[in-house]
Amino acid sequence: QVQLVESGGGLVQAGGSLRLSCAASGSISSISVMGWYRQAPGKQRELVAIISSGGTSTYADSVKGRFTISGDNAKNPVYLQMNSLKPVDTAVYYCNARNYHSNVYWGQGTQVTVSS
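Cut-off values and rules
- Residues numbered from 1 in each chain as written.
- Predicted model: local features only at pLDDT ≥ 70, side-chain atom pairs only at ≥ 80, totals over all residues.
- Heavy atoms only, no water.
- Helix = DSSP H or I, 4+ residues; strand = E, 2+ residues; numbered from the N terminus.
- Buried < 20%, exposed > 50% of the residue type's maximum accessible area, 1.4 Å probe, protein only.
- Contact = heavy atoms within 4.5 Å.
- Areas by Shrake-Rupley, 256 points an atom, 1.4 Å probe, with all protein chains shown as cover.
- Lys, Arg positive; Asp, Glu negative; His and termini not counted.
- Charge placed at Lys NZ, Arg CZ, Asp CG, Glu CD.
- Disulfide = S-S within 2.5 Å.
- Pairing = 2+ DSSP bridges.
- Axes fitted to C-alpha atoms, helices over the stretch in contact; angles between N-to-C directions.

**Student:** Explain the overall build of the protein to me, using residue names and the numbers behind them.
**Tutor:** A count of helical and extended segments in the protein gives zero helices and eleven strands. Secondary structure elements in the protein, listed N-terminal to C-terminal, are β-β-β-β-β-β-β-β-β-β-β. Its C-alpha atoms give the protein principal-axis dimensions of about 40 × 25 × 20 Å. Out of the 116 residues in the protein, the part that is buried amounts to 42%. Long-range pairs, those at least 24 residues apart, make up 52% of the contacts in the protein between residues at least 6 apart in sequence. A total accessible area of about 5900 Å² is found for the protein, and carbon and sulfur atoms account for 48% of it. Taking the 9 positively charged and 5 negatively charged side chains of the protein as two groups, their mean positions are separated by 1 Å.

So, in structure tokens, the structure goes:
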């Protein structure tokens, strides 16, 4: 089992920045990928950014150049630095971890609200 705890959400004006963090505990040695997803009201949950155990990162097109994911894949917190935030980035952001057995774990979510 893997437990994920997120922090860092909040309210920010358009153009501002926030940094989310996700701390993993439990069977962290089995984690192969960690990342962030988000879900806006009335929409499906979507990938924001993920980082593999080898350090390869992948971003949604909508956040490329604005968001940066970093971390040592559960050995330390995984961060999502979000710059140049837009109102469309408003959502609940969820930390996600996948292990080598294809088990998937989710955090409780943290609200990010960007005002115009």
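**Student:** Tell me about the state of the cysteines, residues and numbers included.
**Tutor:** Applying the stated rule across the entire model yields one disulfide. With a sulfur-sulfur separation of 2.0 Å, Cys22 is cross-linked through a disulfide to Cys95. In this structure, the disulfide formed by Cys22 and Cys95 twists by about -85° around the S-S bond and is classed as left-handed. Linking Cys22 in strand E3 (residues 18-26) with Cys95 in strand E9 (residues 91-99), this pair joins segments that are 73 residues apart in sequence.

**Student:** Hey, could you go over the sheet that holds strand E8 (residues 78-82) for me, with residue numbers and the actual values?
**Tutor:** Read from one edge of the open sheet, four strands run E1-E3-E8-E7, paired in antiparallel fashion. Every interior strand has two partners, whereas the edge strands, strand E1 (2-7) and strand E7 (67-70), have only one. Between one strand and the next, the sheet's axes are offset by a mean angle of 15°, whatever the strand orientation. Pairing between E3 and E8: five bridges, direction antiparallel. Paired with Cys22 across the bridge in E8 is Val78.

**Student:** I'd like a rundown of the pairing of strand E5 (residues 46-52), residues and numbers included.
**Tutor:** Where strand E4 (residues 31-39) lies against E5, six bridges are found, and the strand directions are antiparallel. Looking across to E5, one finds that Gly35 is bridged to Ile50. Both E5 and strand E6 (residues 57-59) contribute to a ladder of three bridges, which runs antiparallel. Looking at E6, one finds that Ile50 is bridged to Thr58. Count of turn residues in the E5/E6 antiparallel hairpin: four residues, of which Gly55 carries a positive phi of about 95°.

**Student:** I'd love a proper account of unusual backbone geometry, names of residues and values included.
**Tutor:** Not every positive phi belongs to a glycine, and Ser84 is a case in point at roughly 50°. Considering the arrangement of structural elements, one finds Ser84 in the loop between E8 and E9. For Ser84, a relative accessible area of 40% translates into the label partly exposed. Despite not being glycine, Ser102 shows a phi value in the positive range, around 70°. With respect to the helices and strands, the residue Ser102 is situated in the loop between E9 and strand E10 (104-106). The class for Ser102 is exposed, based on a relative accessible area of 54%.

None of this, on its own, says anything about what the molecule does.
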